[in-house]
Amino acid sequence: MTNIYAINLTSSGMDMTRVPIEHELPTGYSSLVTLKGENANILYAYNKESKLFDVYQLDMDAPHIKPIITDNDGFGHYAFDQLRSFVMGNKSYLMAYEKHRGHFQFFEVLSDYTLSAPYGFMNQRSWPTQNFSHVEPFVITGLMYILGYDDEHGTVAIFSLDVISTSKSGIPPFNMLNVWYHQWARGWENFSFFQLGQSNFFFKINKMKLNVNIDHILDSPAEGSVEIGSYLQNQLPNALDVSLACIIPWQNGEPYLATYDGKSNATNLYQIHSDCQGWTHLHENTVPASTIMNAYRIDNQSFLLLYA
């Protein structure tokens, strides 16, 4: 089941309008990630079991989504648990992470939307990369970093991702190093990263010992992060039932948050306050059962994609 909604501000809050699609995404995808290609907005859809991915073009108008590449094996033999996209040096990249061995791979997205050979990184000692339940690329003062968090043990790390002078043919010229390693509480999930004033923040929920908060990643990433708003669950009464969350990209970067309630199938939209002490509820809509939620923006229009 695939549903795409156009998101718009209204006089009373926000609105979700389902848009017609002609190409239903097939079942079996474990990861969906969007990025801005050279000439189009692109969706990469990955099946962990088959280790194959498909590529779709996302459009403002009908049919809104159409296939470009099917059954590509460019990720190789790894069964990746998470995919993320980012831009570095004006080029688009995919980051793929395999949890069991702690293997990161970074692929340049080529002009035909196939992938380059990967730069790979893993570490089993000192600052291990195994068992991260959430990984996220983010930018501080123009430089790229990666955060990884392990919800089973509470370990959290930040790694720098730097460009080196040369690399073997076709491999991104990257070098990844650990800059911070720390211990948090176990059980954090629903990470949703956003920026305010070019500083990095993230929303997260802990259901083991109920807590909803917003953290700030310090501008010196070697110092880690600090909680800005904590124990905000009174502002999110269905926090224990939230199974998906993401930031909706918006004009001028205003942080809007979408959550999906796996118990009631309700999607709720919020505007995060600039002091990061809470949010304003703007809209609620019941949607079909979903396992993946992804938000993206084309020109001046934001969309929310829900998939099961």
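Before reading further, recall that the structure is shown in the block above.
On a predicted model such as this, the values are computed, not experimentally measured, just so you know. (Residues numbered from 1 in each chain as written. Predicted model: local features only at pLDDT ≥ 70, side-chain atom pairs only at ≥ 80, totals over all residues. Heavy atoms only, no water.)

Novice: Looking at this structure, how should I read the overall build of the protein chain?
Specialist: Each helix and strand counted, the protein chain has zero helices and 24 strands in total. Its C-alpha atoms give the protein chain a radius of gyration of 19 Å, within 12% of the compact-globule value 19 Å for 308 residues. Seen through its principal axes, the protein chain has C-alpha atoms that stretch 55 × 45 × 35 Å. Taken over 308 residues, the protein chain has a buried fraction of 55%. If you take every contact in the protein chain between residues at least 6 apart in sequence, the share linking residues at least 24 apart comes to 46%. Each charge sign in the protein chain was given a centre, from 17 positive and 30 negative side chains, and these centres are 6 Å apart. (Helix = DSSP H or I, 4+ residues; strand = E, 2+ residues; numbered from the N terminus. Rg over C-alpha atoms; globule rule 2.2 N^0.38 Å. Buried < 20%, exposed > 50% of the residue type's maximum accessible area, 1.4 Å probe, protein only. Contact = heavy atoms within 4.5 Å. Lys, Arg positive; Asp, Glu negative; His and termini not counted. Charge placed at Lys NZ, Arg CZ, Asp CG, Glu CD.)

Novice: Even after reading the chapter, I still don't get unusual backbone geometry, so can you show me in this structure?
Specialist: Backbone phi values are negative for most residues with the exception of glycine, while trans is the configuration of most peptide bonds. The peptide bond linking Ala62 to Pro63 adopts the cis configuration, its omega dihedral lying at 10°. Assignment of secondary structure puts Pro63 in the loop between β5 (52-58) and β6 (65-72).

Novice: I'm lost on the sheet that holds strand β10 (residues 119-121) in this one. Help?
Specialist: Pairing between the strands of a sheet comes from backbone hydrogen bonds, and it takes one of two forms, parallel or antiparallel. Taken together, four strands build an open sheet; the order of strands is β7-β8-β9-β10 and the sheet is antiparallel. Looking along the sheet, the strands with just one partner apiece sit at the ends: β7 (82-88) and β10. Across this sheet, the average inter-strand angle for adjacent strands is 20°, counted without regard to direction. As paired strands, strand β8 (residues 91-98) and strand β9 (residues 103-108) are joined by six bridges and run antiparallel to one another. Looking at β9, one finds that Glu98 is bridged to His103. (Pairing = 2+ DSSP bridges. Axes fitted to C-alpha atoms, helices over the stretch in contact; angles between N-to-C directions.)

Novice: Help me out: how do you make sense of the nonpolar core in this one?
Specialist: Inside soluble globular proteins, nonpolar side chains tend to come together where they are buried. The biggest cluster of nonpolar side chains holds 19 residues, and the ones touching the most others in it are Tyr44, Phe75, Leu94, Tyr113 and Leu115. Listed by contribution, the elements that provide at least two residues to this core are β3 (31-36), β4 (41-47), β5 and β8. When residues in this core are grouped by element, the largest group, three residues, is from β4. (Core = buried A, V, L, I, M, F, W, Y, C linked by side-chain atoms within 4.5 Å.)

Novice: Where do I start with the sheet that holds β3 in this structure?
Specialist: Across the sheet, four strands lie side by side as β3-β4-β5-β6; this open sheet has antiparallel pairing. Each edge of the sheet is formed by a strand with only one pairing partner; in this case those strands are β3 and β6. Each strand of the sheet is rotated relative to its neighbour by a mean of 20°, with strand direction disregarded. Pairing analysis gives seven bridges linking β4 to β5, with the strands arranged antiparallel. Within the sheet, the bridge partner assigned to Asn41 lies in β5 and is Leu58.

Novice: Explain the side chain of His216 here, please?
Specialist: With respect to the element layout, His216 can be found in strand β17 (residues 211-217). Reaching out from His216, the side chain makes a polar contact with the backbone oxygen of Asn200 at a distance of 3.0 Å. Excluding residues within four positions of it along the chain, His216 makes contact with Ser199, Asn200, Phe201, Gly224, Ser225, Val226 and Ile228. (Polar contact = N/O pair within 3.5 Å; in protein donor to acceptor, adjacent residues only side chain to side chain.)

Novice: So what exactly am I meant to see when it comes to the packing of aromatic side chains here?
Specialist: The way to describe two aromatic rings as a pair is by their centre distance and the angle between their planes. If you walk through the whole model with that rule in mind, you get 33 aromatic pairs. Ring centres of Tyr29 and Tyr307 lie 5.8 Å apart, and the angle between their planes is 40°; this geometry places the pair in the tilted category. Of this pair, Tyr29 sits in the loop between β2 (13-18) and β3 while Tyr307 sits in strand β24 (residues 301-307), and the two are 278 residues apart along the sequence. Taken individually, Tyr29 and Tyr307 each receive the classification buried, so the pair is uniform in this respect. Centroid distance Phe132 to Phe159: 6.4 Å. Interplanar angle 65°. Geometry classified as edge-to-face. Taken together, the residues span a long stretch of sequence, with Phe132 in the loop between β10 and β11 (134-140) and Phe159 in strand β13 (residues 155-163) at a distance of 27 residues. Using a relative accessible area of 0% as the deciding quantity, one classes Phe132 as buried. Seen from the ring of Trp188, Lys204 lies directly overhead, with NZ or CZ sitting 4.1 Å from the centre. (Phe/Tyr/Trp six-rings, centres within 6.5 Å; stacked < 30°, edge-to-face > 60°. Lys NZ or Arg CZ within 6 Å of the ring centre and 35° of its normal.)

Novice: Where do I start with the pattern of salt bridges in this structure?
Specialist: Opposite charge on two side chains permits them to pair, given that their charged atoms come into close proximity. Across all of its chains, the model carries seven salt bridges by this definition. One salt bridge in this structure joins Lys48 and Asp81, with 2.5 Å as the shortest N-O distance. With Lys48 in the loop between β4 and β5 and Asp81 in the loop between β6 and β7, this pair connects stretches of sequence that are 33 residues apart. We classify Lys48 as partly exposed; its relative accessible area is 33%. By relative accessible area, which is 26% here, Asp81 ends up partly exposed. In this structure, Glu136 engages Arg84 in a salt bridge whose closest nitrogen and oxygen atoms are separated by 3.3 Å. (Salt bridge = Lys/Arg side-chain N within 4 Å of Asp/Glu carboxyl O.)

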